[in-house]
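Single-letter residue listing:
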Amino acid sequence: MTTVAERQRTHTGSPTDRIDGPLKVTGTAMYAADAPVEHPLFAVLVQSTIARGRIRTIDESAARAVAGVVEVLTHRNAPRVTPTGFDFQRVFMEPKLPPLQGDEILYWGQNVAAVIATTLEAATGAAALLRIDYDELPPLTAITAETRARKEKVETFFGSPLNIERGDVDAALKTAPVTLDLCYTTPAETHNAMETAATVASWSGDELTVYDATQWVNGTQLTLAHFFDLDPEKVHVISPFIGGGFGSKGFVWAHTVIAAMAAKALGKTVKLVVDRAQFFSTNGHRSETEQRIRIAATPFGAITGLVHDVIDTNSFAGDFNEPAGKTTPMLYAIPNLRTSHHTVRLNIATPAPMRAPGESPGLFALESALDELAYAVNVDPLELRVRNHAEKDPSNHNAPFSSKHLLECYREGARRFGWEKRTPEPRSMRAGNEFVGYGMATATYPAMAGATEVHARTDGGGRVTIECATHDLGTGMYTIIAQVAADTLAIPLDAVTVKIGSSAYPKAPVAGGSQSTASVMPPLVDACEALKRLAGGNVADAPAGLEASGSGSGEVDEEKHSFHSFGAQFCEVRYDEDLARLRVARFTGVFDCGRILNPKTARSQMIGGIIMGLGMALLEDTVRDPRTGAIVANNLADYRVPVNADVPPIEIGFVDHPDVTFNALGVRGVGEIGITGVAAAVANAVYHASGRRVRDLPIVPERLM
Ligand code: MOS
């Protein structure tokens, strides 16, 4: 493969507009619920109103009496399925709760029935008339002394060991001249993508087709094949557009299986859309965490020891854990260190990955703790991070990083933000009757890639079609595929047709873990170069029907190098003490994410991540009633996310150093790093403005008074 520098780069690296933008703004982009099917039946989910117990009786008579109702699917009559578990090829998030197979209730909002009718209105009305009585047991709904006593150790995150120990951290804590012992908490958060979840399912003989709001058509395909004992080739999954996912649609949830069950039972196409309230329990959430951080340091601010102990919560149905200490061993040059992870099982819905699982809550705690250390030793918070900078990866036998430019991010971020204007003393900066606070934090997310194949073919007339089962969650994947293909093939951007989001195309990994760009681009370049050779170097004049493929393993030598992206986040807040009125005034993020293929879509990813981080810092909280386990904030009025009025000017910079050790194009990924460190940068700015150290998110006014 030739390097990018050798190729013509008309489009690569340019701020090209989204090629799918017109489809979106004209409402013609096809989301799952828009599937082009004739006269579907409509399925509406019914969810449990208790958090623990058993279904005693179901009275279907009133529901069935509604005109248009054709079926009420419950555990009594649903087709039997073969439950699948949590492995790397097919991930069903609730392996201990196969849908509609039994009467046990493990959490409030569990899917217990689907009412199917000829119209959505009939199904919705009848669902409200379904009468279910329960034998209820007292639910476990929160981390308490009682539930904490039954916590379980969590050993790994997707196969990687989570609990790290190096040096002698207990001795370091005993002897250090400066020590801190701090506890932080983060609440449960719900993804709340603009599009909720939806599945349109139909069977043709023993072939199943689903239009599904998923970030991973191949994973959904294999999971459904397992559930229904089908050859994977008989399952077709289509997901060309997703209205945001953030991890809620990475893996398979019950509603997708239920839609396929209903279509099978009725022999008809069934459309199932999860409504906003239901979405709070159908597609996961970010687990709440309790994090204790202990630090040993010199008076100079060099960290000699650090312990990061994490407790999260889990359901009885699944096993996803928030790995909040995952990057702690890597981020700073700390000789003595220990991380631990435990989980407390509760009668709550099942947690899931949510944009930077681990790093988001973990860096809130770690980067807040570093700010507290900066004040304890009277060192500038940015300078403290420079003093503890890890030139090599202490969590990987001091292996070199493939490409790390964090110091440049600090410098460039500080310059753009004007960090030097900060006076260190809390409450020392004012503007009118408001206090001004400056805070900063480090951002990081690992660079990953997975096995991917890309197909390219000439269509005649100078046109080329690219096919791959990857996704565009709103990220810009359609556009960067077209950019890189056009440059590699030396044809115009609009001569490239990009087809993604279907299991009919060559395989791709889950569009999660910020891995899609690094997974898709190398085999895309290979496929395009092979096609160009077939065309004798002239694709523009090639006949239709030439075909070429590229494939990549995504594998790298993780013994030899460590692969991570980095960044620096800077926040200014204004605080009116009389009213406990807090607002974020501006935000600057500078990132080292390898080569940036499209600075416009990449910037958009970072802005989105930072806005989501502002929500995490100040607003988001999936509130449960501790008595019943009911999610009481299950709407977008009570579950608060930032709106335009909450979002300040955000400045984004990329240092743009290609990581050619990671892949020949030098690309990493930009999906998740933007949110990391944001909540800490805000909390640190809040301390600087107000003198109040808030260690519990979200930072709502009552925590400042
Ligand atoms: Mo992301 S939480 O890996 O979709």
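Quick caveat, the model's predicted, so the values are computed rather than measured.

Thresholds applied
- Residues numbered from 1 in each chain as written.
- Predicted model: local features only at pLDDT ≥ 70, side-chain atom pairs only at ≥ 80, totals over all residues.
- Heavy atoms only, no water.
- Axes fitted to C-alpha atoms, helices over the stretch in contact; angles between N-to-C directions.
- Helix = DSSP H or I, 4+ residues; strand = E, 2+ residues; numbered from the N terminus.
- Parallel < 35°, antiparallel > 145°, perpendicular 65-115°, else oblique.
- Left-handed = near helix turned anticlockwise from the far one by under 90°.
- Contact = heavy atoms within 4.5 Å.
- Pairing = 2+ DSSP bridges.
- Phe/Tyr/Trp six-rings, centres within 6.5 Å; stacked < 30°, edge-to-face > 60°.
- Buried < 20%, exposed > 50% of the residue type's maximum accessible area, 1.4 Å probe, protein only.
- Domains from an automatic or database assignment.
- Buried area = accessible area lost by both parts, 1.4 Å probe.
- Salt bridge = Lys/Arg side-chain N within 4 Å of Asp/Glu carboxyl O.
- Polar contact = N/O pair within 3.5 Å; in protein donor to acceptor, adjacent residues only side chain to side chain.

### Thoughts on the packing of helix α13 (residues 477-489) against helix α14 (residues 516-534)
And step 1. Relative orientation of the contacting elements α13 and α14 amounts to 30°, with a least axis distance of 9 Å. When the axis of α13 is compared with that of α14, the two are roughly parallel. α13 and α14 meet at a crossing whose hand is right-handed. Side by side, α13 and α14 meet where Met-477, Ile-480, Ile-481, Val-484, Ala-485, Thr-488 and Leu-489 of the first sit next to Ser-516, Thr-517, Val-520, Met-521, Leu-524, Val-525, Cys-528, Glu-529, Leu-531 and Lys-532 of the second.

### Digging into the sheet that holds strand β29 (residues 650-654)
And step 1. Strand order in the open sheet formed by five strands is β21-β22-β27-β28-β29, and the pairing between neighbours is mixed. Two strands close off the open sheet at either side, each with one partner strand: β21 (430-431) and β29.
And step 2. Of the strands in this sheet, β22 (434-446), β27 (564-576), β28 (581-592) and β29 touch helix α12 (residues 406-417), which is tilted by about 25° from β27.

### Focus on the packing of aromatic side chains
And step 1. In this structure the tally under the stated criterion is 20 aromatic pairs.
And step 2. Relative to Phe-570, the ring of Trp-419 has its centre 5.6 Å away and its plane inclined at 70°; by these criteria the two rings are edge-to-face. Of this pair, Trp-419 sits in the loop between α12 and β21 while Phe-570 is found in strand β27, placing the two residues 151 residues apart along the sequence.
And step 3. Looking at Trp-419, the relative accessible area reads 6%, which means it is buried.
And step 4. Owing to a relative accessible area of 0%, Phe-570 belongs among the buried residues under this scheme.
And step 5. On the numbers, 5.3 Å between centres and 40° between planes, the contact of Phe-563 with Phe-662 is tilted. Of this pair, Phe-563 sits in the loop between β26 (547-552) and β27 while Phe-662 sits in the loop between β29 and α16 (678-690), and the two are 99 residues apart along the sequence.
And step 6. Judged by its relative accessible area of 6%, Phe-563 falls in the buried class.
And step 7. The structure contains a cluster of three or more aromatic residues connected by ring pairs, namely Phe-157, Phe-158, Trp-216, Phe-251 and Phe-320.

### Structural notes on the domain arrangement of the protein chain
The parts lose accessible area when they come together, and the size of an interface is often stated as this lost area.
And step 1. The domain architecture assigned to the protein chain consists of domain 1 (21-30 + 450-552), domain 2 (32-137 + 197-282) and domain 3 (372-447 + 559-703).
And step 2. One C-alpha centre belongs to domain 1, the other to domain 2, and the line joining them spans 33 Å.
And step 3. The interface of domain 1 with domain 2 comprises 20 residues on the first partner and 24 residues on the second.
And step 4. In total, domain 1 and domain 2 occlude about 1600 Å² of area from one another, counting both sides; carbon and sulfur atoms represent 58% of this.
And step 5. Our count for the contact surface shared by domain 1 and domain 2 stands at zero salt bridges.
And step 6. Linking domain 1 with domain 2 are 10 residue pairs in polar contact (both at pLDDT 80 or more), by the criterion used here.

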